[in-house]
Amino acid sequence: MGGPLGQDEERPVTSILTAVTQSPLHVLVVAGIAACWGAFVVAWLAGALYNAARGPAQRTRTRFSPVMLVGAFIGWAVFRAVPYADWQALTLEAPWVRMLGLAILIGSTVFTLWARLVLGAMWNSDPIVKQGHELRTDGPYGITRHPIYTGMLGMLLGTVLLAGVGQQILIFPVGLLLFEIKIGIEEPLMSATFPDEYPRYRQRVPKLIPGLRIIGRRQGIDVNQTDPQVRSMPPTHPPHTD
């Protein structure tokens, strides 16, 4: 015999499907999320297949997949532990929130795909150094040191806003935590591979947030104070010019 309790238990599973039928805005939500993340998946699968067939050999590799599984499990555990009614208090149904989320999602998707294209065969899901590895510092890599992560975080934020926040809010902090852990693995590897170029690159380009160096200079703030690995580095010589 169904009752309010049974309805509450089913609601987390059926809420998205029910929302689609409520207004054209919800159709836009599903279409926007499906199109952007679909393009992301297709691009990543195509790149992975190309790299497997024609990419350079790996020289140094660090496994990151177990960390991703742990992060996903933590997010799932929190999601299940908090009652659905509590998540409802975080729901934002305003159309302007949804449209802002759509704009962020589309822009971040374009930025992510651009960064992936520029990186080319040097990309890998695990932190690695490949034969003939090149340090990219132009294009999106002149905006942030990890533009793929910047773009993916933007995609997560856009998805959260487009979906009306609520339970989806967990996606962003979990993603941010995983990327910070991965960056903590990657950057020492890059510093060891490019001991002259990478320290200068780190001092010049922000890690994840575009324009952070410019804001810090205007406000008289040393943004490197927040990055212990940059703060502890000895002074480097200016780049040589030919």
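Look up a bit, the structure's there.
Residues numbered from 1 in each chain as written. Predicted model: local features only at pLDDT ≥ 70, side-chain atom pairs only at ≥ 80, totals over all residues. Heavy atoms only, no water.

A. Main features of the overall build of the protein chain. When helices and strands are counted, the protein chain shows 10 helices and two strands. Ordered by position from the N terminus, the helices and strands of the protein chain form the series α-α-β-α-α-α-β-α-α-α-α-α. A total of 242 residues make up the protein chain; the buried ones form 35% of that total. In the protein chain, of all internal contacts separated by at least 6 residues, the share reaching a separation of at least 24 is 80%. Only carbon and sulfur atoms are counted for the fraction: they give 67% of the accessible area of the protein chain, which is about 14,100 Å². (Helix = DSSP H or I, 4+ residues; strand = E, 2+ residues; numbered from the N terminus. Buried < 20%, exposed > 50% of the residue type's maximum accessible area, 1.4 Å probe, protein only. Contact = heavy atoms within 4.5 Å. Areas by Shrake-Rupley, 256 points an atom, 1.4 Å probe, with all protein chains shown as cover.)

B. Expanded view of the packing of helix 5 (residues 95–119) against helix 6 (residues 147–162). For the pair helix 5 and helix 6, interaxial distance at closest approach is 7 Å and the crossing angle is 160°. Between helix 5 and helix 6, the angle falls in the class roughly antiparallel. The hand of the helix 5/helix 6 crossing is left-handed. Looking at the contact of helix 5 with helix 6 residue by residue, the classes come out as 15 nonpolar, nine polar and two charged. (Axes fitted to C-alpha atoms, helices over the stretch in contact; angles between N-to-C directions. Parallel < 35°, antiparallel > 145°, perpendicular 65-115°, else oblique. Left-handed = near helix turned anticlockwise from the far one by under 90°. Nonpolar A, V, L, I, M, F, W, Y, C, P; charged D, E, K, R; others polar.)

C. Expanded view of a nonpolar patch on the surface. A contiguous nonpolar surface patch, about 500 Å² in accessible area, is contributed by V70, F73, I74, W76 and V78. Within the element layout of this structure, I74 appears in helix 3 (residues 65–81). (Patch = residues over 30% accessible without salt bridge, like charges linked within 9 Å, V, L, I, M, F, W, Y side chains within 5 Å. Salt bridge = Lys/Arg side-chain N within 4 Å of Asp/Glu carboxyl O.)

D. Quick peek at the nonpolar core. If you look at the biggest cluster of nonpolar residues, it comprises 25 residues, and the most contacted ones within it are L135, Y141, I148, Y149, Y198 and Y201. At the level of secondary structure, the elements contributing two or more residues to this core comprise helix 2 (24–54), helix 5, helix 6, helix 7 (171–193) and helix 8 (197–204). Considering every element that reaches this core, the biggest residue donor is helix 6, with seven residues. (Core = buried A, V, L, I, M, F, W, Y, C linked by side-chain atoms within 4.5 Å.)

E. Structural context of unusual backbone geometry. In the Ramachandran plot, V165 falls in the positive-phi region, its phi being about 60° despite a non-glycine side chain. Locating V165 in the fold gives a position in the loop between helix 6 and helix 7. Given a relative accessible area of 8%, V165 falls into the buried group.

F. Inspection of the pattern of salt bridges at higher detail. All told, the structure shown has three salt bridges when counted by the stated rule. Residues K207 and E180 are paired through a salt bridge, measuring 3.1 Å at the closest nitrogen-oxygen approach. One end of the pair, K207, is in the loop between helix 8 and helix 9 (212–218); the other, E180, is in helix 7, with 27 residues separating them in the sequence. Judged by relative accessible area, K207 falls into the partly exposed class, the value being 27%. Across the pair E187 and R202 runs a salt bridge whose closest N-O atoms are separated by 3.3 Å. Residue E187 is found in helix 7, and its partner R202 is found in helix 8; the two are separated by 15 residues along the sequence. For E187, a relative accessible area of 3% corresponds to the buried category.

G. Inspection of helix 7 at higher detail. Taking 1.5 Å of rise per residue, the 23 residues of helix 7 would be expected to cover 33 Å, and the 33 Å separating its terminal C-alpha atoms lies within 8% of that figure. Within helix 7 the residues assigned to the buried category are G175, L178, F179, K182, I183, E186, E187, L189 and M190. (Expected span 1.5 Å × (residues − 1).)

H. Spotlight on the environment of A72. Looking at the secondary structure, you find A72 in helix 3. With relative accessibility at 46%, the residue A72 sits in the partly exposed group. For the pair A72 and G175, spaced 103 residues apart in the sequence, the C-alpha separation amounts to 8.9 Å.

I. Geometry of helix 5. Given a rise of 1.5 Å per residue, 25 residues ought to cover 36 Å, and the 36 Å separating the end C-alpha atoms of helix 5 matches this to within 8%. Taken residue by residue, helix 5 has V97, R98, G101, L102, L105, S108, T109, F111, T112, A115, R116 and L119 as its buried positions. Count one or two residues on from helix 5 and you reach G120, which has phi positive near 60°.

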